[in-house]
Amino acid sequence: MPSGNGLGPKVRDNADGTICVEYEPKKEGRHEVLMSYDGSGVDGSPFACVVDKIENSFITAFGAGLVGGLSGDSVGFTVVAKRGTAKDIEVKIDGPAKVDLQRKDNDDGSANFNYMPMTPGAYNINIKYHGKPIKGSPFVAKVSGEGRKRSTLSLANSAEYSLKIIEPDIVDLVGTVQTPGGQIEPIILKKMDNGELGIAYFTPRQKGEYVVCVLRSEKNINNSPFRIKVGDKEIGHAAGCTVKGDISEALANKSNEVIIDTTNGGYGGLTVSIEGPHRSEVEVYKVEDRVYTVHYSPHEPGIYILNIRFADEDVPGSPFLVNVGGNPSGRVRETITKDVEPAAAISAGSPSEFVLQIPGTNPFDMEASMTDPEGISELCEVMDQEDFHYLIKMTPKTNGLHTVSIKHKGMHVSGSPFQFSVGQLSHGGPHKVQVGGPGLEKGEVGLQNVFNIYTREAGPGTLSVAVEGTAKATIQLEQRPNGFLGAQYKTSKPGMYGVHVKYNDVHIPGSPFMVNVAPDSGVARQISIHALKDKGLLIDKPVTFSVAFNGAQGHLHATVRTPSGGHMDCLCQEMDTGVYAVRFIPKENGVHYVDVKLNDAHIPDSPIPIMVGSTASDPAMVTASGDGLEHGKCGAKNKFIVRTAGAGSGLLAVFIDGPSKSALSCKELDEGYEFSYTPFCPGNYLITVKYGNIPIAGSPYQAVVTGAAQPQDGRKGVGRKPSPVVEQSSMAVETVEKKAGAGGVRRKLTGDASKVIAKGPGLKKAFTNRVQTFNVEIKDAGNAVLSIGMISPSGFPEAELSLKKVSQTTYTVNYKVQEIGEHILHIKWGDDEIPGSPFVLTT
């Protein structure tokens, strides 16, 4: 009992294998029942029970469900009150996921509750009696177990609104909407399928007239502002949607169909997510006149939760609890974990080296280079070692973030370019782990499939690599210097495998990587490629090469992956016995990957990278900077600059993933492009910058977006509820070639104005029509721009003022004044005035 005195309970044998324990509490507080059988404690003992004194009676709550349980298992608890008052007991459960609470009221005043938590975490159980919380409420139940796997699909078709005008280029357009309540919010513009300009995510929340302004260079375009009248029918409301299909029973590894009718739902975005013990494939099958047919296929049987939301609200009946039956997939997962120590810091001037394993490469075609923070590139030494291992040596000359590029035949290998910190290391987090290598693109049964993992910029943590597929895989990790790890896996059966790479238990960007492990390629190894030109190719000009079978038999198939992420088939034509011509016409600049397969097995060197357009379009020369890459405000414009000067022309793509869509716009600058994004709710946003379909060094960036500031007129700031699924916004720009120089990569000068000394008679007093002199000494002041200016009493610059260098660190200044009055002399080193400046000289 709470006072520490034991309370002897009455134990009664029910003669049916059960016993009844009765006790009457006399005090409020926590009671514990210690129960032993044959001298040893009964499982679960001591049992806890909380007693509260309400009015003239006691109310008690007990049961395992108040403490915790396992995700996916049903747990329960009991609340006992005065006889006949069970209806006055209220129970509400809040937690990481919605739970279905089952309740049974008994005549004796008790009520039994059961719930099944599907997601691990802490759940708050609020128990009220006659509207007042009982003692100990809310109870915190800690639920452990496997985290739920969530698969999502986001569809915005039903939230699109056409403005009925044609705009050829939407890159530099910015849109805002004024709601009937007077709030001004940014909107996301898009080009509709018919070429018209439209709003991508129009979700009106109130009736009335919405005014949409579309601006280019801060001026309204033709027909802007647009006026949209919204009535009851147009407001997005989930209650108007209907769902039918497989929403209570489903089969694993089979396509289960759900039909969602949003005809009466107004304007709003639709999201479908399914979470359960395993991943599920979710795809939209067809869309016709606001009726969506969605197919989902869970990998394993079990209990899954199907969430269907429209206009940010659950549709009637959602979330649906789906009992998935059928046969297990037989997929096996093998996991290996490793604690990663922080990488050793490297200081400027000290040699550094790292090792990469890149199968299928020729040592004579390998090259590596390092670009320092000022944009100066140097070649690194590449030494060939056994089994396609390459030792890369370099000596950085300055501190800061360097970019390292590793190329084979002039094209970046998978995972290149990457950042390399010299000097102090930052703790980046899981999004800074980079991976690359052929083992993440294709696999083969019975062979070691290899890839490289780079954790240097992520800081210390726990790395886990798992391979899941039709057979158990053996995984090996190889420790290498300076933050690199080698990873390889080998499996005995073909099929689609998922390679999961996690850091501190969080998936790195792109994970899980889906790899098609082909059967032993066998005869495919005999095939060879001839007459392939992989550089100097142009858009709309055919690319042709020949494939010789060399005695192999089978079906040849070739596809091309384009820089924008699309796929297209190549034309394969037999020219002679066992000799085929393969042909395709590129439509974009950038690196294309050609997959050439015989009977679904890659031939040697496949996938083959082919550069279309200028070979100067190098992602290693592209840099991104700006506050918007690290933090931002929701409902406000957050900016960052992508510098493409000296990197040729190519497709520049920006992707922003986060808890809401973001309105993205772009403006051209001398040295590149300025992107502005406006997120609609706070949270972490992942910003990925790709050039020619290759992520630039340092990408992705994580921006922490906080709530909107309070506007001056007292209205509440913009801030929507976070979406339960990850929303993606993107923008692609076909860049034009920009020369480094004017506005190119600028040197960062670090001067200290306080160390500059100015002295001489010319600083004491000025005399009209007489040349005055003084010296400026910059010996210990670092590097910066010296600027000297003098203003006459009438407000104009002095007519005569000259600066001359007399020694390595000394400059002489001569001036002659003509007016009588106060002359003001400014001397700046960089952006700062030197000690004593501005000097006031009177005549």
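So, how was this worked out
- Residues numbered from 1 in each chain as written.
- Predicted model: local features only at pLDDT ≥ 70, side-chain atom pairs only at ≥ 80, totals over all residues.
- Heavy atoms only, no water.
- Pairing = 2+ DSSP bridges.
- Helix = DSSP H or I, 4+ residues; strand = E, 2+ residues; numbered from the N terminus.
- Axes fitted to C-alpha atoms, helices over the stretch in contact; angles between N-to-C directions.
- Phe/Tyr/Trp six-rings, centres within 6.5 Å; stacked < 30°, edge-to-face > 60°.
- Buried < 20%, exposed > 50% of the residue type's maximum accessible area, 1.4 Å probe, protein only.
- Lys NZ or Arg CZ within 6 Å of the ring centre and 35° of its normal.
- Patch = residues over 30% accessible without salt bridge, like charges linked within 9 Å, V, L, I, M, F, W, Y side chains within 5 Å.
- Areas by Shrake-Rupley, 256 points an atom, 1.4 Å probe, with all protein chains shown as cover.
- Salt bridge = Lys/Arg side-chain N within 4 Å of Asp/Glu carboxyl O.
- Core = buried A, V, L, I, M, F, W, Y, C linked by side-chain atoms within 4.5 Å.
- Contact = heavy atoms within 4.5 Å.

A. Structural context of the sheet that holds strand E11 (residues 101-105). If you trace the 6 strands from one edge of the open sheet to the other, you get E3-E6-E7-E9-E12-E11, paired in antiparallel fashion. Each edge of the open sheet carries a strand with a single partner, namely strand E3 (29-33) and E11. Strand-to-strand twist across the sheet, computed as the mean angle between neighbouring axes with direction ignored, equals 20°. Note that E11 and strand E12 (residues 110-115) share 5 bridges and pair antiparallel. Residue pairing for E12: glutamine 102 is matched across the bridge by asparagine 114.

B. Geometry of the packing of aromatic side chains. Counting across every chain of the model gives 17 aromatic pairs. Measuring from centroid to centroid gives 4.7 Å for phenylalanine 418 and tyrosine 454, while their planes differ by 55°, and the two rings are tilted. With phenylalanine 418 in strand E42 (residues 418-422) and tyrosine 454 in strand E45 (residues 449-454), this pair connects stretches of sequence that are 36 residues apart. Across this residue pair, the class does not change: phenylalanine 418 and tyrosine 454 are buried. An aromatic cluster is built from Phe354, Phe418, Phe420, Tyr454 and Phe484, whose rings are joined through pairwise contacts. For arginine 456, the ring lying beneath its charged end belongs to phenylalanine 420, and the centroid distance is 4.4 Å. If you follow lysine 765 out to its NZ or CZ, it ends over the ring of phenylalanine 767, 5.9 Å from the centre.

C. A nonpolar patch on the surface, seen in detail. A grouping of Val11, Ile19, Val21 and Tyr23 is seen on the molecular surface, where their side chains present a nonpolar patch of about 340 Å² in accessible area. Take valine 11: it is sitting in strand E1 (residues 10-13).

D. Highlighting unusual backbone geometry. Residue proline 138 is reached from serine 137 by a cis peptide bond, and omega for that bond is 0°. Take proline 138: it is sitting in the loop between strand E14 (132-133) and strand E15 (139-144). Each neighbour pair has its own omega, and for serine 416 with proline 417 the value is -5°, a cis peptide bond. With respect to the helices and strands, the residue proline 417 is situated in the loop between strand E41 (411-412) and E42. In this model, asparagine 253 sits at a positive phi of 60°, which is unusual for a non-glycine residue. Along the chain, asparagine 253 falls in the loop between strand E26 (249-251) and strand E27 (256-261). On the basis of relative accessible area, asparagine 253 is assigned to the partly exposed category, the value being 35%.

E. Just the nonpolar core, in detail. Residues Phe640, Val642, Phe675, Ile687 and Val689 are the most contacted members of the largest nonpolar core, which totals 27 residues. Where this core is concerned, the elements lending two or more residues are strand E63 (638-643), strand E64 (651-658), strand E65 (662-668), strand E66 (672-679), strand E67 (683-691), strand E69 (701-706) and strand E70 (727-734). In terms of residue count, the dominant contributor to this core is E67 (4 residues). In contact with isoleucine 687, not counting residues within four places along its chain, are Gly628, Leu629, Phe640, Val654, Phe655, Ile656, Tyr677, Ser699, Pro700, Tyr701 and Ala703.

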